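# Remarks on the overall topology
One-letter residues, chain by chain:
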Amino acid sequence: MKRISIIGTGFVGLVSAICFAKKGYEVYASTHDQTKVDTINQGLSPFYEKDVAPMIKEAVEKGNLKAVLGREEAVLNSDISMLCVGTPSRPDGSIDLKYIESSAREIGEVLPKKDSYHLVIVRSTVVPGTTRNIVKPAVEASGNKIGEDFGLCMQPEFLREGDAIYDTLNPDRIVIGEYDKKSGDVLEDLYIDFYGKDYLENCPILRMNIESAEMVKYGNNCLLATKISFINEIANICEIIEGVDVTEVAKGVGLDFRINPMFLGAGVGFGGSCFPKDVNAIVAFAKEHDYKPSLLDAVLSINLYQAKHIVEIAKSELGGTLKGSRIAILGLAFKPGTDDMREAPSIKVINHLFEEGVTDIIAYDPYAIENTEKIFGDKIKYVNSVEECLKGANAALLVTDWDEFKALTPEIFIENMQKDSVLVDGRRIYDPKVFGEKLKFKAIGLK
Ligand code: UDX
């Protein structure tokens, strides 16, 4: 089985497409956006992600990857379709499934023109029940019979931005939610072929029902988001006590093998296209079903608080007001390695600064300036280097933990910022002993 269609050419879709193409599969990437078709077929990437651009070029040149407009060519020429379309948030935080429904219907409309069995796999993150109650009837709407004409699976993805290719090629488990055994067998065979039996010895394939697989993704992202808000709550408590440092506490806690050290990095909180959206979506889902998820509500409110908190720290260091101050923002992207500004903590930090009456905000980020300009326009200033950003600032807020910032010395801050200015480390990348000795230094999780 070597022919795959990927429905949706966003982050998950395109990364999956090029990974299948790299392993020699014949891949059709389907979109409704002609510009994207042209971009991909020219061997270019529509967005920045490590390793993606050269892999698209190679896949297109080898003839393994073709972007196509609409669903027909993609579905007709493949045996498996992976549904990777966007699931945006509604204003109340709940998930909007309109693209899932319409794309499933479009796949269904093509299937009567095919005479072989076709497997439809939902890869987008969807609330439990979506695959069975929305995708299945939408594919069936054109007269297709499940079990005969098509099969159905839900397989959540666990890709991190910045490491998406690595994560696709090196998963720690594969979760297959299957409508029936035949669907699951076809998908398992695909991955046995893709990863090889040796790799799969250490990467279990978990087969379960569709709803459990849908829920695995939410369980996963909610737990990671909870770890972050948990350590941020601990960090805020650490700030009450002289001499306690949350980074030491997190190290001590994380070495318990039942916990592990990952995602215990305190700071301005989580952003990105997944954690905020997924936690909000499952909270809204639970409430629609009359359950109040108080832990997840708290995870979200702690996360909101962290962005305000870093501004409060600066305010208190500058004598109780930020009015008239120049504030430098180091880092805008929601995390290093990407230009993605979706739900980036920097947006909340900057909005809190506006609320405090700050009019002089200067921002620097190695990749995300263009995307930030789309949000704030000329309400803040953008510069091309750390030095320009710090020049004359009364406070510097470190918001994204780029390697470039980790390499900075206290001298760079001292030489460029105003006298009596403060550096607030919102990602805990600086050694407080080294920085605290030479300049006014504050950090989340440290009094
Ligand atoms: C996440 C999940 O890791 C991935 O499995 C899922 O499929 C999509 O969502 P991603 O959003 O790319 O991936 O980024 P991730 O590296 O998980 O970081 C998310 C946010 O949490 C970032 O804003 C990051 O700065 C923040 N974070 C992460 C912390 O604040 N502290 C930490 O210790 C780790």
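Every value quoted in this text rests on a predicted model; they were computed, and no experiment measured them. Per chain, residue numbering runs from 1 following the sequence as it is written. Totals for whole chains, interfaces and linings use every residue, but because this is a predicted model, local features are given only for residues with pLDDT of at least 70 and side-chain atom pairs only at 80 or more, for both listing and counting. Excluded from the side-chain calculation are hydrogens and water; included are all heavy atoms of the structure.

### Considering the pairing of strand E2 (residues 26-31)
Just so we agree on the cut-off: Categorising residues by exposure relies on relative accessible area from a 1.4 Å probe, with only protein chains included: less than 20% of the type maximum marks a residue as buried, more than 50% marks it as exposed, and the intermediate range marks it as partly exposed. The secondary structure listing takes helices from DSSP runs of H or I that are at least 4 residues long and strands from runs of E that are at least 2 residues long, numbered from the N terminus. When DSSP finds two or more bridges between a pair of strands, those strands are recorded as paired.
Burial within E2 is extensive, with five of its six residues counted as buried. With five bridges connecting them, strand E1 (residues 3-7) and E2 associate as parallel partners. Looking at the pairing, isoleucine 7 lines up with serine 30 of E2. Sheet analysis places E2 next to strand E3 (residues 65-69), joined by five bridges and oriented parallel. In the strand pairing of E3, serine 30 is matched with valine 68.

### Section: a nonpolar patch on the surface
Definition in use: Patch rule: a residue counts if its relative accessible area is over 30% and it has no salt bridge; like charges are joined within 9 Å, and nonpolar side chains (Val, Leu, Ile, Met, Phe, Trp, Tyr) within 5 Å. Only the protein chains shown count as cover for residues, and all accessible areas are computed by the Shrake-Rupley method using a 1.4 Å probe. In what follows, salt bridge is the name for a side-chain nitrogen of Lys or Arg lying within 4 Å of a carboxyl oxygen of Asp or Glu.
A contiguous nonpolar surface patch, about 290 Å² in accessible area, is contributed by Ile237, Ile240 and Ile241. Note that isoleucine 237 resides in helix H9 (residues 210-238).

### Considerations on the site of the ligand
For the record, the criterion: Whether a residue is near a molecule or strand depends on its heavy atoms: it is near if one of them lies within 4 Å of it. Side-chain atoms alone can form a polar contact between residues adjacent in sequence; in general such a contact is a pair of N or O atoms within 3.5 Å, and within protein one must be able to donate a hydrogen while the other accepts it.
Neighbouring the ligand are 19 residues; Glu161, Gly265, Gly271, Phe334 and Lys335 lie closest to it. One nitrogen or oxygen atom from the main chain of phenylalanine 158 is found 3.3 Å from an oxygen atom belonging to the ligand. Measuring from an oxygen atom of the ligand, one finds a backbone N or O atom of leucine 159 at 3.1 Å. A total of 670 Å² of accessible area belongs to the ligand in isolation, and the protein chains cover 90% of it. Counting residues per element, the shell around the ligand draws most heavily on H9, at three residues.

### A short note on the pattern of salt bridges
Applying the stated rule across the entire model yields 34 salt bridges. Two residues, arginine 160 and aspartate 163, come together in a salt bridge whose shortest N-O distance is 3.9 Å. Notably, a salt bridge pairs arginine 342 with aspartate 340, separated by 2.8 Å at the nearest N-O pair. Looking at arginine 342, the relative accessible area reads 45%, which means it is partly exposed. Judged by relative accessible area, which is 8%, aspartate 340 ranks as buried.

### Quick notes on the sheet that holds strand E9 (residues 326-330)
Backbone hydrogen bonds are what pair the strands of a sheet, in a parallel or an antiparallel way. Overall, parallel pairing links the six strands, which are arranged E11-E10-E9-E12-E13-E14 in an open sheet. The strands lining the two open edges of the sheet, one partner per strand, are strand E11 (381-382) and strand E14 (440-443). Pairing geometry for strand E13 (residues 422-425) and E14, over four bridges, is parallel. Looking across to E14, one finds that aspartate 425 is bridged to alanine 443.

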